[in-house]
Amino acid sequence: MKPEQVAYEIKQNDKVGRYVVAAKELEAGEEFLVDTAAVIGPKHHTPPVCLGCLSLTSGDTLCERCGWPVCGPSCADLPAHKEAECAVFAAANVKFSSSVEDPTADCPQYECITPLRLLLTIGSKIWNDKIEKMECHSKERKGGVDWNADQINIVNFLRGPCKLADRFSEEQIHQVCGILAVNTFEACSRVSGGNPVRALYPQFALLSHNCVPNTAHSIGADYKVRVRTTVPVKKGDELFITYTHTLQPTYARRQHLKLSKYFDCECARCADPEELGSNLSTIKCPKCEWGWVRAEKPLDDASDYKCHKCEYKMSNADTMKVMGVIQREIEALDPADLEVREQLIKKYHAFLHPKHAHLTALKHSLCQLYGRVAEYTFEEMPDLLMERKIELCKHMLQIADIVQPGYSRLRGMILYELHAPLIMLARSLYQQDVLTGFALLTRMQEAERVLAEAVHILSFEDPDSMEGQLAAQARFSLEQLQQTIIMLPQQIDIMDGEQHIGG
Ligand SMILES: [Zn+2]
Ligand SMILES: [Zn+2]
Ligand SMILES: [Zn+2]
Ligand SMILES: [Zn+2]
């Protein structure tokens, strides 16, 4: 029996519809679901891409049959294109019209491609068994901005110029647009030259959202998605993914979910003003000492904010205005500017909780910048900055333990960042005689444990992905570190001896 047949079970209730639970006890890191995409196509908003392999294209080479961009004849003949929109466009004589001014700009003509690919599966076994039942939130979408844009760029285009009015009703096309909007995942693959595409996974899409997921997934070059647990999951417990960014504060996550997935998240983290202790939405009280200002009713989008110690209150509008100003200030930063980030952290510490999402975003960037940017390479960094990098990594690990617990990608990446400054600092302190040989060995062993866990977590990723490549690099570093540790007792003896003689 295949593992996915016994590892999870699909349940149903009136509140959330279908959802997935563990059918047996699952260990942390256990793969429980592998799913194949029912449809793969260009993202909703995309510049022109090859309709065969979905790589970015200048739009100069066109398919000989339909006149839409491809890399060449072999891409034109891929079934994903040839057996889908190619025949429709050729029959209706609908040509691609490039915007000559800017080939990198989003091309509205492409919005119909993935919906058309899905429409063409209507009546097939996979449509009847799985896709037709998928959530499309037509009621919530109807009349909204997305709906109206879909009406013009997709419904009218397919039923008009593409001559499909007899095959697909307006309702059917909107249903398909809704299914794609609610359920697709973005996938990057070497097949598409790293260009992100959208893929629809009928089984994987059944997992509900939670702002504290207990699973992680990776999508390979074959576009298969592999889903695994990040923490131990008991038999009967629900399995969750996240459709949003776990490092964002509650109001931002809930707004993103509402706009993109059409539902109000009421998970335990959203319902808790302290966000389960992560305090990603907590503001410092300007009126009293050590008072924290948080949403009074976090599940009400219009909630006011109130200090937990004094009676100080901030209106929702005022709070959102301040948050917006900070958000824009952070978004405008040069991605490599380390010093400005440190200055902003000092500035915002005066009125945000040290773990607030905005401070955490800055600290997360700094974790990756120290050791990598000009004037702050590991060779140039003094001990004080090694300590700073360690402190920033430990901050991120504390947050990860709450919002992406267990073997999450976030934890894997941060542990990888942490191992190098641990080693560098230990070596430097030993050379300055601050550490004994034994203390050096202990610290190197701590770095080894950190790196070994990073390797373990990152090894779950697809080898072709950025994280997968990092896993290979981490594995190499771990072998080197282990060699160093084996040799260390001998070297310490010699060095200690020399120091004795010299002193
Ligand atoms: Zn191609
Ligand atoms: Zn074609
Ligand atoms: Zn939530
Ligand atoms: Zn107060």
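Every chain is numbered on its own, with residues counted from 1 as its sequence reads. In the order they appear in the text, chains get letters beginning with A and ligands get numbers beginning with 1. Reporting in this predicted model follows two pLDDT cut-offs: at least 70 for local features of residues, and 80 or more for side-chain atom pairs to be given and counted; totals over whole chains, interfaces and linings ignore these cut-offs and use all residues. Where side-chain values are given, they derive from all heavy atoms of the structure, hydrogens and water being excluded.

## Side note on the confidence of the model for the protein chain
Inference 1: Averaged over every residue, the pLDDT of the protein chain is 93; residues scoring 70 or more account for 96%.
Inference 2: Across the chain, each position has a pLDDT score giving the predictor's confidence in that residue, from 0 to 100. Working rule for contacts: check all heavy atoms of both residues, and any pair within 4.5 Å makes them a contact. Note on residues 497–503: pLDDT is under 50 here. Beyond four places in sequence and across chains, it has one contact.

## Looking at the packing of aromatic side chains
Inference 1: The aromatic pairing rule takes the rings of Phe, Tyr and Trp, using the six-membered ring of Trp, and pairs them if the centres are within 6.5 Å, calling planes under 30 degrees apart stacked, those over 60 edge-to-face and the rest tilted. Enumeration over the complete set of coordinates arrives at 13 aromatic pairs.
Inference 2: When the ring of Tyr8 is compared with that of Phe32, the centres are 6.4 Å apart and the planes differ by 70 degrees; the resulting orientation is edge-to-face. You can see Tyr8 sitting in strand β1 (residues 8–13) and its partner Phe32 sitting in strand β3 (residues 31–35), a full 24 residues away along the chain. Of the two residues, Tyr8 and Phe32, neither departs from the other in class, the shared state being buried.
Inference 3: The interplanar angle of 80 degrees and the centroid separation of 5.9 Å between the aromatic rings of Tyr370 and Tyr376 together place this pair among those described as edge-to-face. Each member of the pair Tyr370 and Tyr376 is classed as buried.
Inference 4: Taken together through their ring pairs, the aromatic side chains of Phe185, Tyr201, Phe204, Tyr243 and Phe263 make up a single cluster.
Inference 5: Look at NZ for Lys and CZ for Arg. If either is within 6 Å of the ring centre and within 35 degrees of the ring normal, a charge sits over the ring. A cation over an aromatic ring shows up here: Lys261 above the ring of Tyr243, its NZ or CZ 5.4 Å from the ring centre. Each helix corresponds to a stretch of at least 4 residues labelled H or I by DSSP, and each strand to a stretch of at least 2 residues labelled E; elements are numbered beginning at the N terminus. Type-normalised accessible area, obtained with a 1.4 Å probe on protein chains alone, sets the label of each residue: buried when under 20%, exposed when over 50%, and partly exposed for intermediate values.

## Side note on the sheet that holds strand β11 (residues 283–284)
Inference 1: Should DSSP find at least two bridges between two strands, the strands are taken to pair. Read from one edge of the open sheet, four strands run β11-β12-β13-β14, paired in antiparallel fashion. In this open sheet, the two edge strands, each paired with only one partner strand, are β11 and β14 (313–314).
Inference 2: Pairing analysis gives three bridges linking strand β12 (residues 292–295) to strand β13 (residues 305–307), with the strands arranged antiparallel. Within β13, the position partnered with Arg294 by the bridge is Lys306.
Inference 3: Working convention: axes come from line fits to C-alpha atoms, limited for helices to the stretch in contact. Angles between N-to-C directions cover 0 to 180 degrees. The strands touched by helix α11 (residues 316–331) within the sheet are β11, β13 and β14, with β13 carrying the most contacts at an inclination of about 90 degrees.

## Brief notes about the pairing of β1
Inference 1: One ladder, built from six bridges, connects β1 with strand β2 (residues 17–22); its direction is antiparallel. Bridged to Tyr8 within β2 is Ala22.
Inference 2: Between β1 and β2, which follow one another and run antiparallel, lie three residues.

## Topic: the coordination of the zinc ion (ligand 1)
Inference 1: Within the first shell, the zinc ion (ligand 1) binds the protein through Cys50 (SG), Cys53 (SG), Cys71 (SG) and Cys75 (SG), at distances of 2.3 Å.
Inference 2: Each metal site lists N, O and S donors within 2.8 Å (3.2 Å for Na, K and Ca). With water left out of the atoms, a site can look as if it is missing ligands. Key to geometry: four donors with every angle between 85 and 135 degrees are tetrahedral; four donors are square planar and six octahedral where opposite donors lie over 155 degrees apart and all remaining angles lie between 65 and 115; all other sites are irregular. Taken together, the four donor atoms coordinating the zinc ion (ligand 1) and their angles of 104 to 116 degrees define a geometry best described as tetrahedral.
Inference 3: In primary sequence terms, the donor set of the zinc ion (ligand 1) follows C-x2-C-x17-C-x3-C. Of this pair, Cys53 sits in the loop between β4 (39–41) and α2 (73–76) while Cys75 sits in helix α2, and the two are 22 residues apart along the sequence. Considered together, Cys53 and Cys75 belong to a single accessibility category, that of buried residues.

## Overview of the side chain of Glu85
Inference 1: Mapped onto the elements of the fold, Glu85 is located in helix α3 (residues 79–92).
Inference 2: At 2.7 Å, the side chain of Glu85 forms a polar contact with the side chain of His81.
Inference 3: Setting aside anything within four residues of it in sequence, one finds Glu85 in contact with Leu51, Ala80, Ile113, Leu116, Arg117 and Leu120. Here a polar contact is recorded for every N or O atom pair within 3.5 Å, except that within protein the pair must consist of a potential hydrogen donor and a potential acceptor, and residues adjacent in sequence are included only if both atoms are side-chain atoms.

## A word on the pattern of salt bridges
Once their charged atoms are close, side chains differing in charge can pair, the charge on each being opposite to the other.
Inference 1: Salt bridge, as applied in this entry: a Lys or Arg side-chain nitrogen positioned within 4 Å of an Asp or Glu carboxyl oxygen. In total, this model carries 25 salt bridges according to the counting rule given.
Inference 2: The shortest N-O distance in the salt bridge between Lys11 and Glu9 comes to 4.0 Å.
Inference 3: The partner of Lys389 in a salt bridge is Glu417, with the nearest N and O atoms 2.6 Å apart. Taken together, the residues Lys389 in helix α14 (residues 383–403) and Glu417 in helix α15 (residues 409–431) connect sequence positions 28 residues apart.

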